[in-house]
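For reference, the chains in residue letters:
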Amino acid sequence: MSARDARALKQRLDSLAAAGVTQLPKASRRGSQTAATPASERQPEPVAADPGGGTDRIRSLRILNQQVADCTQCVELAATRTNTVFGVGPPDARICFFGEAPGADEDASGEPFVGRAGQLLTKIIEACKLRREEVYILNVLKCRPPGNRPPLPGEVANCRRFFERQLEIIGPQYICCLGTSASHALLETTEPIGKLRKRWFTHGAAKVICTYHPSYLLRNPAAKRDVWDDMKVMMTDMGVEL
Ligand code: URA
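Sequence positions are assigned chain by chain, starting from 1 and proceeding in written order. pLDDT decides what is reported in this predicted model: residues at 70 or higher carry local features, side-chain atom pairs at 80 or more are listed and counted, and totals for whole chains, interfaces and linings draw on all residues regardless. Neither water nor hydrogens contribute to the side-chain values; these are computed over all heavy atoms in the structure.

K.L.:
I'd like a description of the pattern of salt bridges, backed by residues and values.
P.N.:
Salt-bridge detection follows one rule: a side-chain nitrogen of Lys or Arg within 4 Å of a carboxyl oxygen of Asp or Glu. Tallied over the entire structure, the rule returns twelve salt bridges. In this structure, the salt-bridge partner of Arg160 is Glu164, at a minimum N-O distance of 3.0 Å. On the criterion of helical spacing, the pair formed by Arg160 and Glu164 is a turn pair, its members being four residues apart in helix H6 (residues 153-170). Across the pair Asp237 and Lys207 runs a salt bridge, and its minimum N-O distance is 2.9 Å. Only runs of H or I of at least four residues qualify as helices and only runs of E of at least two qualify as strands under DSSP, and these elements are numbered from the N terminus.

K.L.:
With reference to specific residues and values, describe helix H7 (residues 179-187).
P.N.:
Owing to its 3.6 residues per turn, the α-helix brings residues three or four apart onto one side. Exposed residues in this analysis have more than 50% of their type's maximum accessible area, buried residues have under 20%, and partly exposed residues fall in between, with area computed by a 1.4 Å probe over protein chains only. Among all positions of H7, only Gly179, Ala182, Ser183, Ala185, Leu186 and Leu187 are buried. Whether two residues are in contact is decided by their heavy atoms: any pair within 4.5 Å suffices. Against the buried residues of H7 lie strand E1 (95-99), H6, strand E3 (174-178), helix H8 (193-196), strand E4 (201-203) and strand E5 (206-211). Positive backbone phi, approximately 50°, marks Glu188, located one or two places after H7.

K.L.:
Mind laying out the site of the ligand, listing which residues take part and the relevant values?
P.N.:
Throughout, near means a residue has at least one heavy atom within 4 Å of the molecule or strand. What surrounds the ligand is the set Gly99, Glu100, Ala101, Glu106, Pro112, Phe113, Asn139 and His213. Taking Glu100, its main chain carries an N or O atom lying 2.7 Å from an oxygen atom of the ligand. Ala101 is positioned such that a nitrogen or oxygen atom in its backbone is 3.1 Å from a nitrogen atom of the ligand. Throughout this description, a polar contact denotes any pair of N or O atoms lying within 3.5 Å of each other; where both atoms belong to protein, one of them has to be capable of donating a hydrogen while the other can accept it, and for residues adjacent in sequence the pair is counted only when both atoms sit in side chains.

K.L.:
Explain the pairing of E3 to me, and be specific about the residues and the numbers.
P.N.:
Counting buried residues in E3 gives five out of five residues, a clear majority hidden from the surface. On E3, burial covers both faces: Tyr174, Cys176 and Leu178 on one face and Ile175 and Cys177 on the other are all buried. Sheet topology places E1 next to E3; four bridges connect them, and they run parallel. Within E3, the residue paired with Phe97 across the bridge is Cys176. Paired strands are those between which DSSP finds at least two bridges. Two strands pair when backbone bridges link them, and E3 and E5 are joined in this way by five bridges, in the parallel orientation. Bridge pairing in E5 places Cys177 opposite Cys210.

K.L.:
Quick rundown of the pairing of E1? Include the residues and the values.
P.N.:
Counting buried positions along E1 gives five out of five residues, so the element sits mostly inside the fold. Residues Ile95, Phe97 and Gly99 of E1 are buried on one face, and the alternating residues Cys96 and Phe98, pointing to the opposite face, are buried as well.

K.L.:
Account for the packing of aromatic side chains, naming residues and giving values.
P.N.:
Classification of ring pairs uses Phe, Tyr and Trp, with its six-membered ring standing for Trp, and accepts pairs whose centres are within 6.5 Å; under 30 degrees between planes counts as stacked, over 60 as edge-to-face, and the remaining range as tilted. This model, assessed by the stated rule, comprises three aromatic pairs. Seen in terms of ring centroids, Phe98 and Phe163 are 5.2 Å apart; in terms of plane orientation they differ by 55°. Their pairing is tilted. Highlighted residues: Phe98 in strand E1 and Phe163 in helix H6, separated in sequence by 65 residues. Each of the two residues, Phe98 as well as Phe163, counts as buried. If you follow Lys142 out to its NZ or CZ, it ends over the ring of Phe86, 5.9 Å from the centre. Above the face of the Trp200 ring, Lys207 is positioned so that its terminal group lies 4.9 Å from the ring centre. A positively charged side chain is recorded as over a ring if its NZ (Lys) or CZ (Arg) lies within 6 Å of the ring centre. The angle to the ring normal must also be within 35 degrees.

K.L.:
Please set out the state of the cysteines residue by residue, giving values where relevant.
P.N.:
The term disulfide is used for any two cysteine sulfur atoms that are within 2.5 Å. Under the definition given, this model contains zero disulfides. Cys143 carries a free sulfur, and the closest cysteine sulfur to it, the one in Cys159, is 6.3 Å from it.

Structure below.
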C-alpha cells in the first residue's frame, strides 16, 4: 500500500469512528467499496431508508461531512483551507438555499453564509417568513477558493458527489440557487442567470428556482427588488402567505 493510500485508509477509519462505526465487515465482492478505498475513489454511502425522517439522515450527513473534511482532491483548496464548510440546517428541511463557495468568514468558522452576504441571506429568509434555523444552507464547493475567485470547473466536478449526495439525503421540496455558480452547477447549464430566473426547474423530486447571489446584491442593491420577486414566486408555490 502506498503512503497516500495509507493516509486515505487512516482518514477513512477516523471518519467511520467519528460516525460511531466500531467494526467493519470483511470485503466480499471484487470492486466493492471497502475501508481501504482511497478518498478520491470513494462513492457516497447509499441512502438509508428513513421512514421516521431524522436519525438516518443525521447519520448519513455526519458521514458525508467527515468525507468532505477528509477530501484532498482539489490540491490547492485543501492546502489553503482552514475549515471545510459542509452546510447547516435541519436534515429534513423543506427548502435548501444553495450558494457558491465559502468566503473568508465561512472558512474561518466552518459555517456557510456567516459574513456580509450571509447576513443579507438571513434577511431574505426572514422576509420570506421563514427562520434561518428551519432552512438548509449549503454551497457547491466545501472549501474556500483562494481570494474568493469563482470555482473552477474541475473543483465543481470534484465536489459534485458531495453536494448531490447532501441534497439526496435531505430530499428538499425546494432548492433556491443563489447566483450563477450554484445555478450552473445544479442544473448543468451555462445559460446566464438572467435567463434562468422566473422559471421552474427540477432536480430529482425538488422544484428549483434561481435568483441572484446575495454578494451581487451587496454590489447592486437595485437588484434586491428582483430577488424579492423571485422569493414571492417561490413562497406562493410553497403556500406561505406573505
Ligand atoms: N457566499 C457563498 O456562496 N457561500 C457562502 O457560504 C458565503 C458566501
